[in-house]
Amino acid sequence: MTNQKEQQNYKTQYAKVLLNLPIEGPFDYAIPAEFEKDIAPGKRVWVSFGARRLIGVVIAVTDRTALNKVKPILDLIDVEPVLNKEQLQLAKKVSEYYLCSWGEAINAAVPSSLKNGRTSVKPRHEDDYTSILPTEDLKLTLEQKEALKEIEKSIDKRQSDVFLLHGITGSGKTEVYLQAIGKVLKQGRSCIVLVPEISLTPQAVERFKSRFKERVALFHSRLTQGQKYREWKKLKDGICHIVVGARSAIFSPIQNLGLIIVDEEHDSSYKQQDVPRYNAVSVSIMRARLNNAVVVLGGATPSLESYFKATRKEYKLIELTERIEKRPLPKVKILDMRQELIERKRRRIIFSRLLTEHIEKALGKKEQVMLFLNRRGFSTYANCKKCGYVERCKKCNVALNYHSDRKVFLCHYCNYQKEHINICPSCKSAYLDYFGFGTQRVESELHRYFPTISVSRMDTDSTKKRESHKNILKDFADRKTQILIGTQMIAKGHDFPMVTLVGVVSADTALNLPDYRAAERTFQVLTQVAGRAGRGFSPGEVIIQTYVPGHYTIQSAINHDYKDFYKKEIVLRKELFLPPFSNMIYLSLRSYKEDRAKECAMLLAKYLLKKKLPGLIRQDGPCQAVVYRLRRQYRWNIILRVKDLYEFNPGLKAALKGFRKLPGVILTIDVDPA
Ligand code: ADP
Ligand code: ZN
Ligand code: ZN
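Residues numbered from 1 in each chain as written. Chains lettered and ligands numbered in written order. Predicted model: local features only at pLDDT ≥ 70, side-chain atom pairs only at ≥ 80, totals over all residues. Heavy atoms only, no water.

Digging into the site of ligand 1
Thought 1: Around ligand 1, the surrounding shell holds 17 residues, and the nearest of these are Lys139, Gln144, Gly170, Lys173 and Arg207.
Thought 2: Separating a nitrogen atom of ligand 1 from a side-chain N or O atom of Gln144 is a distance of 2.9 Å.
Thought 3: Between an oxygen atom of ligand 1 and a side-chain N or O atom of Arg207, the distance comes to 2.9 Å.
Thought 4: Protein chains shield 81% of the accessible area of ligand 1, which is 560 Å² for the free molecule.
Thought 5: Tallying contributions element by element places helix 6 (residues 173-186) first for the shell around ligand 1, with three residues.
Thought 6: By residue class, the composition of the shell around ligand 1 is four nonpolar, seven polar and six charged. (Near = heavy atom within 4 Å. Polar contact = N/O pair within 3.5 Å; in protein donor to acceptor, adjacent residues only side chain to side chain. Areas by Shrake-Rupley, 256 points an atom, 1.4 Å probe, with all protein chains shown as cover. Helix = DSSP H or I, 4+ residues; strand = E, 2+ residues; numbered from the N terminus. Nonpolar A, V, L, I, M, F, W, Y, C, P; charged D, E, K, R; others polar.)

A closer look at the pattern of salt bridges
Thought 1: Going through the model one piece at a time under the given rule, you end up with 43 salt bridges.
Thought 2: Of the charged contacts, one joins Arg327 and Glu325 as a salt bridge, the two residues approaching to 2.5 Å between their closest N and O atoms.
Thought 3: With its nearest N and O atoms 2.7 Å apart, the salt bridge here joins Glu340 to Arg344. With Glu340 and Arg344 both in helix 11 (residues 337-344) and four residues apart, the pair spans about one turn of that helix.
Thought 4: Connected through shared salt-bridge partners, Glu340, Glu343, Arg344 and Arg353 make up one network. (Salt bridge = Lys/Arg side-chain N within 4 Å of Asp/Glu carboxyl O.)

Re the domain arrangement of the chain
Thought 1: Domains assigned within the chain are domain 1 (4-117), domain 2 (142-323), domain 3 (327-376 + 438-573), domain 4 (379-436) and domain 5 (583-671).
Thought 2: On a C-alpha basis, the centroid separation for the pair domain 4 and domain 5 is 33 Å.
Thought 3: Contacts between domain 4 and domain 5 engage seven residues on the former and five residues on the latter.
Thought 4: Per-residue buried area on domain 4 facing domain 5 is highest for Lys395, Cys396 and Tyr413; these three make up 67% of the total on that side.
Thought 5: Applying the counting rule to domain 4 against domain 5 returns zero salt bridges. (Domains from an automatic or database assignment. Contact = heavy atoms within 4.5 Å. Buried area = accessible area lost by both parts, 1.4 Å probe.)

Observations regarding the sheet that holds strand 16 (residues 401-403)
Thought 1: Sheet architecture is open: three strands sit in the order 16-17-18, paired in antiparallel fashion. A single partner strand is all that each edge strand has here, and the edge strands are strand 16 and strand 18 (417-419). Across the sheet, the mean angle from the axis of one strand to that of its neighbour is 30°, orientation sign disregarded. (Pairing = 2+ DSSP bridges. Axes fitted to C-alpha atoms, helices over the stretch in contact; angles between N-to-C directions.)

Examining the coordination of the zinc ion (ligand 2)
Thought 1: Around the zinc ion (ligand 2), the protein contributes the donor atoms Cys384 (SG), Cys387 (SG), Cys424 (SG) and Cys427 (SG), which lie 2.3 to 2.4 Å from the metal centre.
Thought 2: Here the zinc ion (ligand 2) is ringed by four donor atoms whose angles at the metal span 107 to 112°, and the overall shape comes out tetrahedral.
Thought 3: If you list the donors of the zinc ion (ligand 2) from N- to C-terminus, the spacing comes out as C-x2-C-x36-C-x2-C. Of the two residues, Cys384 sits in strand 15 (residues 381-384) while Cys427 sits in the loop between strand 18 and strand 19 (432-435), which places them 43 residues apart along the sequence.
Thought 4: Assessed through its relative accessible area of 1%, Cys384 is described here as buried. (Donors = N, O, S within 2.8 Å, 3.2 Å for Na, K, Ca; no water. Tetrahedral: all angles 85-135°; square planar, octahedral: opposite > 155°, others 65-115°. Buried < 20%, exposed > 50% of the residue type's maximum accessible area, 1.4 Å probe, protein only.)

Digging into the packing of helix 3 (residues 85-98) against helix 9 (residues 280-291)
Thought 1: As a packed pair, helix 3 and helix 9 sit with axes 10 Å apart at the nearest point and diverge in direction by 135°. When the axes of helix 3 and helix 9 are compared, the pair comes out oblique. Helix 9 is crossed by helix 3, and the crossing has right-handed handedness. Mapping the contact onto sequence places Glu86, Gln87, Gln89, Leu90, Lys93, Val94, Tyr97 and Tyr98 in helix 3 and Ser282, Val283, Met286, Arg287, Leu290 and Asn291 in helix 9. (Parallel < 35°, antiparallel > 145°, perpendicular 65-115°, else oblique. Left-handed = near helix turned anticlockwise from the far one by under 90°.)

What to know about the sheet that holds strand 24 (residues 583-591)
Thought 1: Spatially, 25-26-24-27 is the arrangement adopted by the four strands of the open sheet, whose pairing is antiparallel. The two strands at the open ends of the sheet, each matched to only one other strand, are strand 25 (616-630) and strand 27 (666-671). Taken over all neighbouring pairs, the strand axes of this sheet differ in orientation by 20° on average, direction set aside.
Thought 2: Summarising the sheet, strand 24 and strand 27 pair through six bridges and their orientation is antiparallel. By the bridge assignment for strand 27, Ile585 is matched with Val671.

A few points about the pairing of strand 24
Each regular strand carries side chains that alternate between the two faces of the sheet.
Thought 1: Bridge count for strand 24 against strand 26 (residues 633-642) is nine bridges, and the pairing is antiparallel. Bridged to Leu587 within strand 26 is Ile638.

Observations concerning the nonpolar core
Thought 1: Residues Ile106, Ile585, Leu587 and Leu652 are the most contacted members of the largest nonpolar core, which totals 113 residues.
Thought 2: Of all hydrophobic cores here, the second largest spans 30 residues; its members include Leu185, Val205, Leu218 and Val296. (Core = buried A, V, L, I, M, F, W, Y, C linked by side-chain atoms within 4.5 Å.)

Quick look at helix 6
Thought 1: A rise of 1.5 Å per residue sets the reference length of helix 6, with its 14 residues, at 20 Å; its end C-alpha atoms lie 20 Å apart and thus fit the reference within 8%.
Thought 2: Most of helix 6 sits inside the fold, with 12 of its 14 residues counted as buried.
Thought 3: Listed in full, the buried residues belonging to helix 6 are Lys173, Thr174, Glu175, Val176, Tyr177, Leu178, Gln179, Ala180, Ile181, Gly182, Val184 and Leu185.
Thought 4: Directly after helix 6, the chain includes Gly188, whose backbone phi takes a positive value near 75°. (Expected span 1.5 Å × (residues − 1).)

Focus: empty space enclosed by the protein
Thought 1: Counted according to the given criterion, the structure contains three cavities of 30 Å³ or more.
Thought 2: Along its surface, the largest cavity is lined by Arg348, Ile349, Ile350, Tyr434, Phe435, Gly436, Phe437 and Arg441.
Thought 3: Counting the residues that make up the lining of the largest cavity, at least three belong to each of domain 3 (327-376 + 438-573) and domain 4 (379-436). (1 Å grid on protein atoms, 1.4 Å probe; cavity = no way out; pocket = protein on both sides within 12 Å on 5 of 7 lines; lining within 4 Å. Points joined across faces, edges and corners; volume = space filled by probe spheres on them.)

A short note on the environment of Leu587
Thought 1: Mapped onto the elements, Leu587 comes out in strand 24.
Thought 2: For Leu587, a relative accessible area of 0% corresponds to the buried category.
Thought 3: When near neighbours in sequence (up to four residues on either side) are disregarded, Leu587 contacts Leu604, Leu608, Trp636, Asn637, Ile638, Leu640, Leu652, Leu656, Leu667, Thr668 and Ile669.

A short note on the state of the cysteines
Thought 1: Considering all chains together, one arrives at zero disulfides under this definition.
Thought 2: No disulfide involves Cys600; its nearest neighbouring cysteine sulfur is the one of Cys623, lying 16 Å away.
Thought 3: The class for Cys600 is buried, based on a relative accessible area of 2%. (Disulfide = S-S within 2.5 Å.)

Some remarks on the side chain of Asp63
Thought 1: Looking at the element boundaries, Asp63 is found in the loop between strand 4 (52-62) and strand 5 (75-76).
Thought 2: Judged by its relative accessible area of 14%, Asp63 falls in the buried class.
Thought 3: Here the side chain of Asp63 touches Arg64 through a polar contact of 3.4 Å, side chain to side chain.

Focus: the side chain of Glu264
Thought 1: Locating Glu264 in the fold gives a position in the loop between strand 10 (257-262) and helix 9.
Thought 2: For the buried Glu264, which has no salt bridge, the nearest side chain bearing the opposite charge is Arg532, at an N-O separation of 5.2 Å.
Thought 3: In this structure the side chain of Glu264 is engaged in a polar contact, spanning 2.9 Å, whose partner is the side chain of Gln528. (Lys, Arg positive; Asp, Glu negative; His and termini not counted.)

Digging into the packing of helix 5 (residues 142-157) against helix 6
Thought 1: It is the contact of helix 5 with helix 6, at a shortest axis distance of 10 Å, that shows an interaxial angle of 30°. With respect to helix 6, the axis of helix 5 lies roughly parallel. As for how helix 5 packs across helix 6, the hand of that crossing is right-handed. Listed contacts from helix 6 to Gln144, Ala147, Leu148, Ile151, Glu152, Ile155 and Asp156 of helix 5 are Glu175, Val176, Gln179, Ala180, Lys183 and Val184.

Pasting the structure below:
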């Protein structure tokens, strides 16, 4: 051994480098003498690949290579590794599960502020905040105490158990998280707290900051590059021991991990829609296993997958069944819009008489109102009453939504915009009519009904500017605005004690989507929205307007009955081998040429059927994607249902190799699509 070691001194050294490419690495590069001393796993380097210069991450240094010709490393970027061994390992697991390359998975763990090669950024001033939230542990209720005890047992045993903390809204889950974190910190270990991107409001973050002060680092998309870098550095240097953040925080460089909390674990923002297409909930379990850390998945409406695992004892189920101080759950009333239309002899109604009356009553008592509609814009399509012409997107062929604030027609898939017109481009008549309504329409109707009341709207259109999100919520919290209208952005995490009425303008928008999760998503969002009412001392009231009042999803939502919903929904899933009875994999092929997309999709489907991959339950398609033409590309999907991903993936990966290089088409793979 020693002989060999000595020989290495004058032998060329090679670095194994991973690149952010859909080709499995690592790739070997020779280490020039000038970098030999400093090169190490986890550091980034510049290399040439084909005609390109790319940034790669070194994962190992060796003295041999199987290649005949090896290019040299062009430059070494980092003084210190940006990724540690555990992060590299985690990325490897992610790549195996989500069928991307290891290099693509690693890319998710490198903060965006570092991606262009910079390692330092000018610091910026942090927001000052004053807090009136408790700075010390609260005295727990019996249920909370029991929950904490269970979690602490696993923390003490350093067992990578997964808990599902199912607690109704307002049952005090956050206090349980906070005290579990306290326990882990006392042991000298650290914690990751994931919250949905949308609920990363100052209000939510403050609950952690006021308890743990400067030990908390923050990770979310609204930070500037400089802020992101600073937070990342504080974790890496071990100055902070808690990170609160959106999904990418699961890859943060936290050391000595003891606990991962995922609040509202069902939330779809945990799924990344670009490569690597990971879900932070699954990654949190992978990361916990690597560290003997505990995972707590929390929420009022667990995903069917998680609840199913809890019933199978794969996860430990803890339930919080009561609200703090026994505050009653809000009364939920259904309003049958079919009846309303008949009685009022109208073709279209946005506000029922009942909802209008209750808004009036609440306003009269100087209370606040939240109105929810899961659709932005003014109208969902414009249609000519005379010839039937519909304004469509040129690139996606879907109907354009009218946005009254900017006076444009907008594609919700690609953001294509078109000037507003009054005259039908097809028959030149002036009969353009607007169908379907979004939040902007609700806002303008409200102004008509209540001209003196101050109303604000929160959706992706009204929160484009960095601070606007914060300002809208602050104005509402300060009661400068009395009615807040919004999309699911207002459904989560907010705690406004003066809100006594929540109106769901239409419960059916999500229910009609062509998605097997449509019922689940509707149940979740209705429950969440309802949870916004009655957070203070006056009991809340919720009015849900719907055209399908008898639907089991709406019925269980008004009764606040998750288990009832679960029981009905799980039967349907089982019959169809849908998750949790399988894992789905979407293979999508897209091309600018319609024929090419179809031809390749057919070819791939036939090829896969012939392969008879072990673990495949069912293969469907190829079929056209729901939005068949998106950004001028034609899209086909093949849908696989799989029994065990770990068993199935290696075979699929090998089978797909040739299809990744077909000219004129792009193949993408999405495991557990959202
Ligand atoms: P959840 O996260 O389950 O919706 P929260 O954690 O927001 O519930 O708790 C609801 C409210 O009850 C919060 O204002 C919180 O500060 C308060 N609270 C939680 N636990 C206790 C407790 N043990 N004693 C008093 N108040 C509590
Ligand atoms: Zn026309
Ligand atoms: Zn479009």
